[in-house]
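A closer look at the structure
In case you want the letters, here they are:
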Amino acid sequence: MNRKDFFSRVGFGAAAALLPACIAGLASGCSSDNSSSPIITQAPTGVDFLLDVSTGSLAANGGYLVSQGIVVARTNSGTFIAVSASCTHEGTNVNYVASTNDFLCPNHGAQFSSTGVVTRGPANTNLKQYNTSLTGNSLRVYS
Ligand code: FES
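Keep in mind it's a predicted model, so treat the numbers as computed, not measured.

1. Quick look at the overall build of the protein
- Helix and strand content of the protein: 1 helix and 10 strands.
- Expressed as a percentage of its 143 residues, the buried residues of the protein come to 30%.
- In the protein, 38% of the contacts between residues at least 6 apart in sequence involve partners at least 24 apart.
- Carbon and sulfur atoms make up 52% of the accessible area of the protein, which totals about 8300 Å².

Here it is in structure tokens:
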């Protein structure tokens, strides 16, 4: 048996041995990239809650927090914005980026505008935007 014959037979044997495992999804080397199949996460509904903006992350421009599944941010211009926190790709919480006034998912890099519109994939569904209303130091976040 020459080298070509040997590798030909071993290669065929390995492929034959792995085929059933690939079909069963057991061999990690056979897994496909499922990033093109987005998981649509559920944005909170029936939202209506208050936040004290006199202390904590929302006390200063550029700060943000996640409450009840919603990212609430205070922009560099001092306005408040709120969108669903869970990335529409695979559910990782997005972060607010004050310097660009948008939201970035740390998992695969999806980016959303300040109103939750997808500006970069792999996500292809927008975040849900919520209303905000400030009375004194009390910020109302609602659907
Ligand atoms: S979870 Fe994949 S981009 Fe957000």
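2. Details of the environment of N126
- Tracing the sequence through the fold places N126 in the loop between β8 (118-120) and β9 (129-135).
- Residue classification places N126 among the partly exposed positions, given a relative accessible area of 41%.
- Once the C-alpha coordinates of N126 and S84 are considered, the two residues, 42 residues apart in sequence, prove to be 9.3 Å apart.
- In contact with N126, not counting residues within four places along its chain, are T88, G116, V117 and V118.
- Within the local environment of N126, its side chain forms a polar contact with the backbone nitrogen of V118, the two atoms lying 2.9 Å apart.

3. Digging into the packing of aromatic side chains
- Inspection of the entire model under this criterion finds 2 aromatic pairs.
- A ring pair is formed by Y64 and Y96, whose centres lie 6.2 Å apart and whose planes are at 70 degrees; its orientation type is edge-to-face. Pair noted here: Y64 is in strand β2 (residues 64-67) and Y96 is in strand β5 (residues 95-97), with a separation of 32 residues, a long-range link.
- Under the relative-accessibility criterion, Y64 is labelled partly exposed at 28%.
- On the basis of relative accessibility, which here comes to 6%, the residue Y96 falls in the buried class.
- One aromatic cluster is present, built from ring pairs that chain together Y64, Y96 and F103.
- The ring of Y130 carries K128 above its face, with NZ or CZ at 5.4 Å from the centroid.
- The cationic tip of R140 hangs over the ring face of Y142; the distance from NZ or CZ to the ring centre is 4.1 Å.

4. Considering the nonpolar core
- Counting 15 residues, the largest nonpolar core has C87, V94, F103 and F112 as the members making the most contacts within it.
- Of all the secondary-structure elements, those providing two or more residues to this core are β3 (70-74) and β4 (80-84).
- One finds L51, V53, A82 and L139 within the second-largest nonpolar core, a separate group that totals 12 residues.

Definitions and limits used
Residues numbered from 1 in each chain as written. Predicted model: local features only at pLDDT ≥ 70, side-chain atom pairs only at ≥ 80, totals over all residues. Heavy atoms only, no water. Helix = DSSP H or I, 4+ residues; strand = E, 2+ residues; numbered from the N terminus. Buried < 20%, exposed > 50% of the residue type's maximum accessible area, 1.4 Å probe, protein only. Contact = heavy atoms within 4.5 Å. Areas by Shrake-Rupley, 256 points an atom, 1.4 Å probe, with all protein chains shown as cover. Polar contact = N/O pair within 3.5 Å; in protein donor to acceptor, adjacent residues only side chain to side chain. Phe/Tyr/Trp six-rings, centres within 6.5 Å; stacked < 30°, edge-to-face > 60°. Lys NZ or Arg CZ within 6 Å of the ring centre and 35° of its normal. Core = buried A, V, L, I, M, F, W, Y, C linked by side-chain atoms within 4.5 Å.

These values are about where atoms sit, not about what they do.
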